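# Coordinate inspection notes
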Amino acid sequence: MKVVNLKQAILQAWKERWSDYQWAINMKKFFPKGATWDILNLAEALLEQAMIGPSPNPLILSYLKYAISSQFDDFSRDLCVQALLDIMDMFCDRLSCHGKAEECIGLCRALLSALHWLLRCTAASAERLREGLEAGTPAAGEKQLAMCLQRLEKTLSSTKNRALLHIAKLEEASSWTAIEHCLLKLGEILANLSNPQLRSQAEQCGTLIRSIPTMLSVHSEQLHKTGFPTVHAVVLLEGTMNLTGETQPLVEQLMMVKRMQHIPTPLFVLEIWKACFVGLIESPEGTGELKWTAFTFLKIPQVLVKLKKYSHGDKDFTEDVNSAFEFLLKLTPLLDKADQRCNCDCTNFLLQECSKQGLLSEASTNNLMAKRKADREHAPQLKSDENANIQPNPGLILRAEPTVTNILKTMDADHSKSPEGLLGVLGHMLSGKSLDLLLAAAAATGKLKSFARKFINLNEFTTHRSEESTKAASVRALLFDISFLMLCHVAQTYGSEVILSESNTGGEVFFFETWMQTCMPEEGKILNPDHPCFRPDSTKVESLVALLNNSSEIKLVSMKWHEACLNISAAILEILNAWENGVLAFESIQKITDNIKGKVCSLAVCAVAWLVAHVRMLGLDEREKSLQMIRQLAGPLYSENTLQFYNERVVIMSSILEHMCADVLQQTATQIKFPSTGMDTMPYWNLLPPKRPIKEVLTDIFAKVLEKGWVDSRSIHIFDTLLHMGGVYWFCNNLIKELLKETRKEHTLRAVELLYSIFCLDMQQVTLVLLGHILPGLLTDSSKWHSLMDPPGTALAKLAVWCALSSYSSHKGQASSRQKKRQREDIEDYISLFPLDDMQPSKLMRLLSSNEEDANILSSPTDRSMSSNLSASQLHTVNMRDPLNRVLANLFLLISSILGSRTAGPHTQFAQWFMEGCVDCLEQGGRGSILQFMPFTTVSELVKVSAMSSPKVVLAITDLSLPLGRQVAAKAIAAL
């Protein structure tokens, strides 16, 4: 009764005030007929709401909008303005709506109109105040301006209101443009006012309004950490295994890690440099060292140039790079060790290169150089006497880079015009470590494919023989041999895809490409020695056997070297059979092998290629003569009658043969002494301990990496070998089991960072396994739910989000060369994982329901049509035949059903952590993000979870580019 009386008393007071004569006249003058009663109805509705509920009915805002839109442009009518401001004051910080989605969108639009009117009112009040100050009567304008700013501040300080305005801005772009114009006008007027408090208040309101379009892109960066093992491992992985890769995928992957882990730019750049210096120190001597030098001093500066484009401003980025170097200079032991290894001041070379690329100002470069120079004077002796005359690799690599360009230009010329001149250039390339230097520089700068293509063209040129002199025949033989050996060396050092990646547009099939694809032994490639490619024209084979057996040496003028290379395999088979059957003596074999390797080393390479394939097919007791023949071919010929550059060519040949024979020799524990090539044996062979289960090796190496806190180059190679041997599912499943065993929070977080970087070995396939098999298995089997508890469950959710985001952002691009090389396994028929139409139930949902006593608890999506679980990806018509899209859609459908289920448990918590991870890592939800695969129905389930019930979360997880997405977001936010 008291409440009713109170209501009547308040309403009476309102009516009495509203019946004030002057006020009513003003109202009548301003509002059209009937509007006064609308205002009275609004007041009554406000009072109704005050008595029966915590917040006003959305109807109120529509009344206010009506009042505002009734041509209320005369802001000089104080009482009218004050009445409307009073009404706004009653609800502007506690809006809500529990109606239909259309009504919630109406609320957003009405709030946008109210904001526009309030800004116009504020600008008019500020103008009046300025005029009053000039006339000496500031009081009225100042009071009204203060009232307007107070309402603005109250309205905008609510995150919920700003979220509703964000939706309204996307609904009505023109209205937002009008608001921006009002802000500009208000700023101009207030700039001339002397009241600092009002001006400051207005500036704060302006800042809040301008922040509305970007309210989702602000993330706090990690400042409590200084080491980031994921960045470290990604850089080490790229430098160790993918020097020839394009820079753009690496840039995108690094940016993804930076964003997912909220790493400040200076610490991000510092971690890249730290990884480079560790790589330089760890790299094996020879080619490995040259590759790392090229990666550090040529490729990474190019990567930073591209990262600069992602930065907000050039000046900011150069300051961040400068800060990174300032931090780096404090790591004196690391820099000293790198300097000792490279026999030079590495930092100095790096600073010069960064300055050249515009990553550092001249003043910063000089300052940093001076600091490092002073630091080096106090360091132990960095140059030993024995290394004093050895030129440092960084200097050689930086000089090799322009040389590559010059060689490419030289090889573009017509070979028939000056073959001797070209031979001189190539001969110079063979000396010492020149070839490996040039190849490393070409690989790091993206020129290796072009380099290889020109050598293929040169090799092909030598196969077209015309009338020639003995000298011309000698030059042709040398050009054929050098180009053949170089191409084999490139394929073995950088992968055969470098040779084959640029298809010949003319349709012509080149000899070397054909030979490499069909005859050249490679890791993981099994050759059939009885394949037709090893059985060419029998008459030509017979004449080649006769030539090798009878002649004291091969005559150059009559030779077609490419035909000899194709026929040598069949010739060697005949010779080997004759030797094994006692027709030929060992002395004859020596003469034949001397003939094979006497002029061109390519023949020996082709012969050994077939012998390696042949030996694989033989029993251990049958191999001796074949291996003996390989030994004969591997050693150089000590003769004065060899062609030019023989010693240099033999060095390359020996390296090629050693690579070819590695697998066969390892299998049989056979020793073949290859001539010294001036470098140690290949560093990453025989990595796995013998007679030990690979699962033990995997768990041991992961435990060591976790203890150490970072992944080194050797560990990367072991993980890659295990992935290759065990397959993607085995590899991923066992590492996830190791993660779920961890119980200490700091260990699980470190494990996530390291596992993500290990999974980068083949992120696409690992993600399909993780999201399509391992997670659904854990989430649908109640006996495994205990393993998903915090902290391992939180860590797994984070890892799953990181893998999903990385794969989705890059899966439209090309797989890296190292990933293409691995054979794919058929891990699942992904088409059955997610329904392609409304009638076909999801395989996973059937699996889900079979694990539940009540089939409706988790599997409710099965019984409903897909339209009720509509996701943004379906409205954007994303291709659901793509395995990754299918797996993501299926996982989000599963998460949605778990959140909507009546059965709670660790799996429910995991679903929440996964969604939190998505929000934490995404700058803004919308087209192109993994959240587009989430059914819209998930939003209403998520806002029931306290940690997720915030306007920002709703905006982040909903695709606001779609009208339906905006409606879903508006409904969820208005109900908060």
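Structure: see above.
Let us look at the nonpolar core. Judged by nonpolar contacts, the single largest core of 301 residues is most densely connected at Trp515 and Phe759. In contact with Phe759, not counting residues within four places along its chain, are Phe731, Cys732, Leu735, Ile736, Val766, Leu799 and Cys803.

This paragraph deals with helix α17 (residues 346–356). When we look at burial in α17, the residues that qualify are Cys346, Thr347, Phe349, Leu350, Leu351, Glu353 and Cys354. Between the side-chain oxygen at the start of α17 and the backbone nitrogen of Thr347 there is a gap of 3.3 Å, and the oxygen is on Asp345. After α17 finishes, the residue Gly358 shows a positive phi value of roughly 75 degrees.

With that settled, consider the pattern of salt bridges. One pass over the full model with this rule turns up 23 salt bridges. Close ionic contact of Glu353 with Lys356 constitutes a salt bridge, the shortest N to O distance being 3.2 Å. Here Glu353 and its partner Lys356 are both found in helix α17, three residues apart, which amounts to about one turn of the helix. Overall, Glu353 belongs to the buried group, its relative accessible area being 7%. A salt bridge links Lys708 to Asp712; the shortest N-O distance between them is 2.5 Å. Judged by its relative accessible area of 8%, Asp712 is buried. Each of the salt bridges in this network shares a partner with another, and the network as a whole consists of Asp336, Asp339, Asp345, Arg372, Asp375 and Arg376.

This part is about the side chain of Gln253. For Gln253, the position within the fold is in helix α12 (residues 247–260). Residue classification places Gln253 among the buried residues on the basis of a relative accessible area of 18%. Ignoring anything within four residues of it in the chain, the contact list for Gln253 reads Val234, Tyr756 and Cys760.

In this structure, Pro791 follows Asp790 across a cis peptide bond, with omega equal to 10 degrees. Take Pro791: it is sitting in the loop between α36 (763–780) and α37 (792–810). Notably, His262 is not glycine yet its phi reads approximately 50 degrees, a positive angle. In this structure His262 comes out as buried when scored by relative accessible area, which is 12%. Not every positive phi belongs to a glycine, and Phe645 is a case in point at roughly 60 degrees. Tracing the sequence through the fold places Phe645 in the loop between α30 (624–634) and α31 (646–668).

This paragraph deals with the packing of aromatic side chains. The tally for this structure, following the rule as stated, stands at 15 aromatic pairs. Across from the ring centre of Tyr494, 4.8 Å away, lies the NZ or CZ of Lys291, which sits over that ring. Taking the ring centre of Trp579 as reference, the NZ or CZ of Lys625 above it sits at 5.3 Å.

Our next topic: the packing of helix α11 (residues 229–241) against helix α14 (residues 287–310). Viewed as axis vectors pointing N to C, α11 and α14 meet at an angle of 120 degrees, and their least axial separation amounts to 8 Å. Judged on the interaxial angle alone, α14 and α11 are oblique. The interaxial crossing formed by α11 with α14 has right-handed handedness. Every residue of α14 that contacts α11 at Val235, Leu236, Glu238, Gly239 and Thr240 is listed here: Trp292, Phe295 and Lys299. Residue composition of the contact of α11 with α14, grouped by class: four nonpolar, two polar and two charged.

Reading the values: rules and limits
Residues numbered from 1 in each chain as written. Predicted model: local features only at pLDDT ≥ 70, side-chain atom pairs only at ≥ 80, totals over all residues. Heavy atoms only, no water. Core = buried A, V, L, I, M, F, W, Y, C linked by side-chain atoms within 4.5 Å. Buried < 20%, exposed > 50% of the residue type's maximum accessible area, 1.4 Å probe, protein only. Contact = heavy atoms within 4.5 Å. Helix = DSSP H or I, 4+ residues; strand = E, 2+ residues; numbered from the N terminus. Polar contact = N/O pair within 3.5 Å; in protein donor to acceptor, adjacent residues only side chain to side chain. Salt bridge = Lys/Arg side-chain N within 4 Å of Asp/Glu carboxyl O. Phe/Tyr/Trp six-rings, centres within 6.5 Å; stacked < 30°, edge-to-face > 60°. Lys NZ or Arg CZ within 6 Å of the ring centre and 35° of its normal. Axes fitted to C-alpha atoms, helices over the stretch in contact; angles between N-to-C directions. Parallel < 35°, antiparallel > 145°, perpendicular 65-115°, else oblique. Left-handed = near helix turned anticlockwise from the far one by under 90°. Nonpolar A, V, L, I, M, F, W, Y, C, P; charged D, E, K, R; others polar.

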